[in-house]
Amino acid sequence: MQTIAVVDYGMGNLRSVVNALELVTAGEARVILTSAPAEVLGADRVVFPGQGAAGDCMAAIDACGLREAVLEAAREKPFLGICMGMQVLIDYSEENGGTSCLGLFAGEVRYFGDSHRDLAGVRLKVPHMGWNRVTQTRPHPLWQSIADGSRFYFVHSFYLQIEDDDLAVGKTDYGFEFPCAIARDNLFALQCHPEKSATAGLQLLRNFVAWDGQA
Amino acid sequence: MSLAKRIIPCLDVDAGRVVKGVQFVDIRDAGDPVEVARRYNQEGADEITFLDITASSDDRDTMVHVVEDVAREVFIPLTVGGGIREIADIRRLLNAGADKISINTAAVFNPEFVKQAADKFGSQCIVVAVDAKRVSADGEPGRWEIFTHGGRKPTGIDAIEWVRRMDAYGAGEILLTSMDRDGTRIGFDNELTRAVSRAVRVPVIASGGVGNLQHLADGILDGEADAVLAASIFHFGEYSIGEAKAHMRAQGIEVRDD
């Protein structure tokens with residue numbers, strides 16, 4: 001039986017992530033919520049969620065001594081970053097006056113701004129909260145059986161800018177288009193919350209738990 | 001623009017059962033929360049809000065179990081409000097599987113609590129519920145005040161100043177209830193909703209007064225709300241969430257239909 005580690009570094013509600021993984025694995029996998037580096041390294045696949053502010057998340061990762069384990073898991077096994085768990089994979093976030101992150105991807109995380117507007121000048125609320133369409137910009141095993149343009153649940157005030165646009169596997173539009181899902185080798189990360197995105201989200205998690213980690 | 005406007009059924013929960021107060025007086029039982037939540041999820045609700053109206057603190061734990069049970073099978077955002085006083089209350093409900101916690105009275109008596117909660121758990125899970133009542137005379141420009149105790153006690157706080165302050169303190173969303181309209185079924189106070197929506201950066205959920213599907217559409221089109229919340233029109237099977245979405249879509253409102 002495979003083990004799926006959900007990395008718990010004290011940032012946010014992980015119960016839903018565990019519930020959703022338990023539902024899609026239907027007793028065929030061991031889902032553990034853990035802050036122990038050894039358990040992260042010993043798992044067959046790793047889910048790296050996160051909520052809150054980037055500065056707090058990075059501090060919590062280090063306080064739990066999880067940095068090396070997360071980086072190693074992200075290099076070696078099927079790895080799924082969710083929300084803040086995606087943002088901190090990048091070099092740098094402008095949140096909290098500038099936060100140095102894990103540096104697995106070249107790019108920056110930026111604030112939508114206090115007066116975010118769409119192209120027609122209509123004011124957009126921040127956080128970007130609710131169900132938005134995800135355009136699949138290239139095929140990936142984790143998109144299997146999910147219709148292109150399906151809606152996922154988002155809640156975030158900061159968005160991703162990556163240097164290598166080819167790493168994007170999904171984009172969404174909120175005033176402008178930004179990458180909401182990125183992937184490279186065994187790593188897939190997304191801004192939206194699959195554990196809160198009803199059918200499409202559960203399908204993505206189902207695809208993740210069956211994924212061999214090949215892009 | 002492709003972010004959908006949200007439709008949120010609200011379940012008032014008393015000692016583990018869904019009820020709906022009409023102006024907080026005439027309460028009818030509308031069923032088991034897990035059953036109702038499951039049905040709303042199947043119908044395509046975008047989120048579900050639980051309002052714990054349990055009076056006795058002994059029954060407060062019941063809400064935690066309700067959330068646990070619902071979160072095991074319903075995979076859309078769940079908001080819980082009612083009686084949230086302390087950081088420990090928030091933590092307990094988030095751990096049970098809630099995604100957002102709605103703070104109402106405690107924010108009025110201790111605004112710093114909102115700041116503490118947002119710092120601790122992140123703005124994304126802190127909703128500030130605002131009960132506002134019109135205090136301007138007919139023909140005057142609209143002016144609203146914050147009320148507590150189910151709309152009975154005025155606080156002297158101007159509603160627009162209040163929502164701006166809550167936004168600055170880290171509220172991730174405003175759940176705005178017109179105490180003049182709540183339970184009346186004559187529609188939202190759209191002038192209030194619009195004034196609040198324009199005053200803050202964060203999304204605004206309109207609440208209070210829905211009696212038909214056009215009221216929901218009006219809350220978005222006229223009230224400029226980001227989401228609309230209703231209880232009784234859904235609980236008693238008058239309208240399904242799907243019918244509500246079809247009605248809104250027909251008026252050019254973007255809704256989630258997949």
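Coordinates for the structure precede this section.
My aim in this report is to walk through the structure given alongside it, one point at a time. (Residues numbered from 1 in each chain as written. Chains lettered and ligands numbered in written order. Predicted model: local features only at pLDDT ≥ 70, side-chain atom pairs only at ≥ 80, totals over all residues. Heavy atoms only, no water.)

## Some thoughts on the overall build of chain A
Then comes step 1: Assigned secondary structure in chain A consists of 6 helices and 14 strands.
Then comes step 2: Its C-alpha atoms give chain A a radius of gyration of 16 Å, near enough to 17 Å, the size a compact globule of 215 residues would have.
Then comes step 3: Projected onto its principal axes, the C-alpha positions of chain A cover 55 × 40 × 30 Å.
Then comes step 4: In chain A, which comprises 215 residues, the share counted as buried stands at 63%.
Then comes step 5: Long-range pairs, those at least 24 residues apart, make up 70% of the contacts in chain A between residues at least 6 apart in sequence.
Then comes step 6: When the accessible area of chain A is evaluated, it comes to approximately 7,700 Å², of which 45% is carbon and sulfur surface.
Then comes step 7: Averaging the coordinates of the 17 positive side-chain charges in chain A and doing the same for the 26 negative ones gives two points 6 Å apart. (Helix = DSSP H or I, 4+ residues; strand = E, 2+ residues; numbered from the N terminus. Rg over C-alpha atoms; globule rule 2.2 N^0.38 Å. Buried < 20%, exposed > 50% of the residue type's maximum accessible area, 1.4 Å probe, protein only. Contact = heavy atoms within 4.5 Å. Areas by Shrake-Rupley, 256 points an atom, 1.4 Å probe, with all protein chains shown as cover. Lys, Arg positive; Asp, Glu negative; His and termini not counted. Charge placed at Lys NZ, Arg CZ, Asp CG, Glu CD.)

## Topic: the environment of A:Ala26
Then comes step 1: Mapped onto the elements of the fold, A:Ala26 is located in the loop between α1 (15-25) and β2 (29-34).
Then comes step 2: Spatially, the C-alpha atoms of A:Ala26 and A:Trp211 are 16 Å apart, while their sequence positions differ by 185 residues.

## Details of the packing of helix α1 (residues 33-43) of chain B against helix α2 (residues 60-71) of chain B
Residue and element names in this part refer to chain B.
Then comes step 1: Here α1 crosses α2 at 35 degrees, and the two axes come no closer than 9 Å. As α1 runs across α2, the sense of the crossing is right-handed. Residues Pro-33, Val-34 and Ala-37 of α1 form the contact with α2, whose own contacting residues are Val-66, Asp-69 and Val-70.
Then comes step 2: Residues that form the contact of α1 with α2 fall into these classes: 5 nonpolar, no polar and 1 charged. (Axes fitted to C-alpha atoms, helices over the stretch in contact; angles between N-to-C directions. Left-handed = near helix turned anticlockwise from the far one by under 90°. Nonpolar A, V, L, I, M, F, W, Y, C, P; charged D, E, K, R; others polar.)

## A few points about the interface of chain A and chain B
Then comes step 1: If you look at the interface, chain A gives 34 residues, while chain B gives 40 residues.
Then comes step 2: Both sides of the chain A and chain B interface together cover about 2,900 Å² of buried area, and 50% of this is carbon and sulfur.
Then comes step 3: On the chain A side of the interface with chain B, the three residues burying the most area are A:Lys125, A:Met129 and A:Trp131, jointly 23% of the side's total.
Then comes step 4: Here chain A is connected to chain B by 4 salt bridges.
Then comes step 5: A salt bridge links A:Lys125 to B:Asp226; the nearest nitrogen and oxygen atoms lie 2.8 Å apart.
Then comes step 6: The interface formed by chain A and chain B contains 21 residue pairs in polar contact (both at pLDDT 80 or more). (Buried area = accessible area lost by both parts, 1.4 Å probe. Salt bridge = Lys/Arg side-chain N within 4 Å of Asp/Glu carboxyl O. Polar contact = N/O pair within 3.5 Å; in protein donor to acceptor, adjacent residues only side chain to side chain.)

## Some details on the sheet that holds strand β7 (residues 105-111) of chain A
Backbone hydrogen bonds are what pair the strands of a sheet, in a parallel or an antiparallel way.
Residue and element names in this part refer to chain A.
Then comes step 1: With mixed pairing, the 4 strands of this open sheet are ordered in space as β6-β5-β7-β11. Bordering the open sheet on either side are β6 (99-100) and β11 (158-162), each of which pairs with just one other strand.
Then comes step 2: Taken together, the 5 bridges between β7 and β11 define a ladder with antiparallel strand orientation. Its bridge partner lying in β11, Glu-108 is registered against Gln-161. (Pairing = 2+ DSSP bridges.)

## A closer look at the pattern of salt bridges
Residues and elements named next belong to chain B.
Then comes step 1: Using the criterion set out here, one finds 28 salt bridges over all chains in the structure.
Then comes step 2: When the shortest N-O distance is used, the salt bridge between Lys-115 and Glu-112 registers 4.0 Å. Of this pair, Lys-115 and Glu-112 both sit in helix α5 (residues 112-121), 3 residues apart, roughly one helical turn.
Then comes step 3: Connected through salt bridges with shared partners, the residues Arg-6, Glu-47, Lys-100 and Glu-173 form a single ionic network.

## Observations regarding the environment of A:Leu80
All names here are of chain A.
Then comes step 1: Position of Leu-80 relative to the elements: it lies in strand β4 (residues 79-82).
Then comes step 2: Considered as a pair, Leu-80 and Ile-4 are 76 residues apart in the sequence and their alpha carbons are 11 Å apart.
Then comes step 3: Contact partners of Leu-80, with chain neighbours within four places excluded, come to Val-46, Val-47, Phe-48, Leu-142, Phe-188, Leu-190, Leu-204, Leu-205 and Phe-208.

## Details of the side chain of A:Thr172
Then comes step 1: Take A:Thr172: it is sitting in strand β12 (residues 168-173).
Then comes step 2: Once residues within four sequence positions are removed from consideration, A:Thr172 is found in contact with A:His128, A:Asn132, A:Arg133, A:Phe154, A:Glu177, A:Phe178 and A:Cys180.

## Digging into the sheet that holds strand β3 (residues 45-48) of chain A
All names here are of chain A.
Then comes step 1: On the basis of which strands lie adjacent, the open sheet formed by 8 strands has the order β2-β1-β3-β4-β14-β13-β12-β9 and mixed pairing. Because the sheet does not close on itself, it has two edges, and the strands there are β2 and β9 (135-136).
Then comes step 2: Two strands pair when backbone bridges link them, and β4 and strand β14 (residues 187-190) are joined in this way by 4 bridges, in the parallel orientation. Looking at β14, one finds that Gly-81 is bridged to Ala-189.
Then comes step 3: Most of the contacts of helix α4 (residues 67-76) go to β4, to which it runs at about 120 degrees, and overall it touches β1 (2-7), β3, β4 and β14.
Then comes step 4: Packing against the sheet, helix α6 (residues 198-210) makes contact with β1, β3, β4 and β14, and its axis sits at approximately 145 degrees to β3.

## Things to note about the layout of surface pockets
Then comes step 1: Considering only enclosed or pocket space, the second largest pocket measures out at about 690 Å³ in volume.
Then comes step 2: Around the second largest pocket sit 36 residues that line it, and A:Glu95, A:Ser157, A:Phe158, B:Ser123 and B:Gln124 are the ones nearest its centre.
Then comes step 3: Every element with two or more residues in the lining of the second largest pocket is listed here: α5 (84-87) and β10 (151-156) of chain A together with α5 and α6 (159-169) of chain B.
Then comes step 4: Considering every element that reaches the lining of the second largest pocket, the biggest residue donor is α5(B), with 4 residues. (1 Å grid on protein atoms, 1.4 Å probe; cavity = no way out; pocket = protein on both sides within 12 Å on 5 of 7 lines; lining within 4 Å. Points joined across faces, edges and corners; volume = space filled by probe spheres on them.)

## Details of unusual backbone geometry
Glycine aside, negative phi is the norm for most residues, and most peptide bonds take the trans geometry.
Residue and element names in this part refer to chain A.
Then comes step 1: Between Val-126 and the following residue, Pro-127, the backbone shows a cis peptide bond with an omega angle of 10 degrees.
Then comes step 2: Structurally, Pro-127 can be placed in the loop between β7 and β8 (128-133).
Then comes step 3: Its identity is not glycine, yet Asn-96 carries a phi of approximately 55 degrees, on the positive side.
Then comes step 4: Assignment of secondary structure puts Asn-96 in the loop between β5 (90-93) and β6.
Then comes step 5: Exposure remark for Asn-96: the relative accessible area of 46% places this residue in the partly exposed category.

## Brief notes about helix α3 (residues 54-63) of chain A
Then comes step 1: Every buried residue of α3(A) is accounted for by A:Ala54, A:Gly55, A:Cys57, A:Met58, A:Ala60 and A:Ile61.
Then comes step 2: In the core, the buried residues of α3(A) are packed alongside β3, α4, α5, β5 and β6 of chain A.

## Remarks on the environment of A:Val46
Residue and element names in this part refer to chain A.
Then comes step 1: Locating Val-46 in the fold gives a position in strand β3.
Then comes step 2: For Val-46, a relative accessible area of 0% gives the class buried.
Then comes step 3: For the pair Val-46 and Cys-101, spaced 55 residues apart in sequence, the C-alpha to C-alpha distance is 19 Å.
Then comes step 4: Apart from residues lying up to four places away in sequence, Val-46 is in contact with Ala-5, Val-7, Val-40, Ala-73, Lys-77, Pro-78, Phe-79, Leu-80 and Phe-208.

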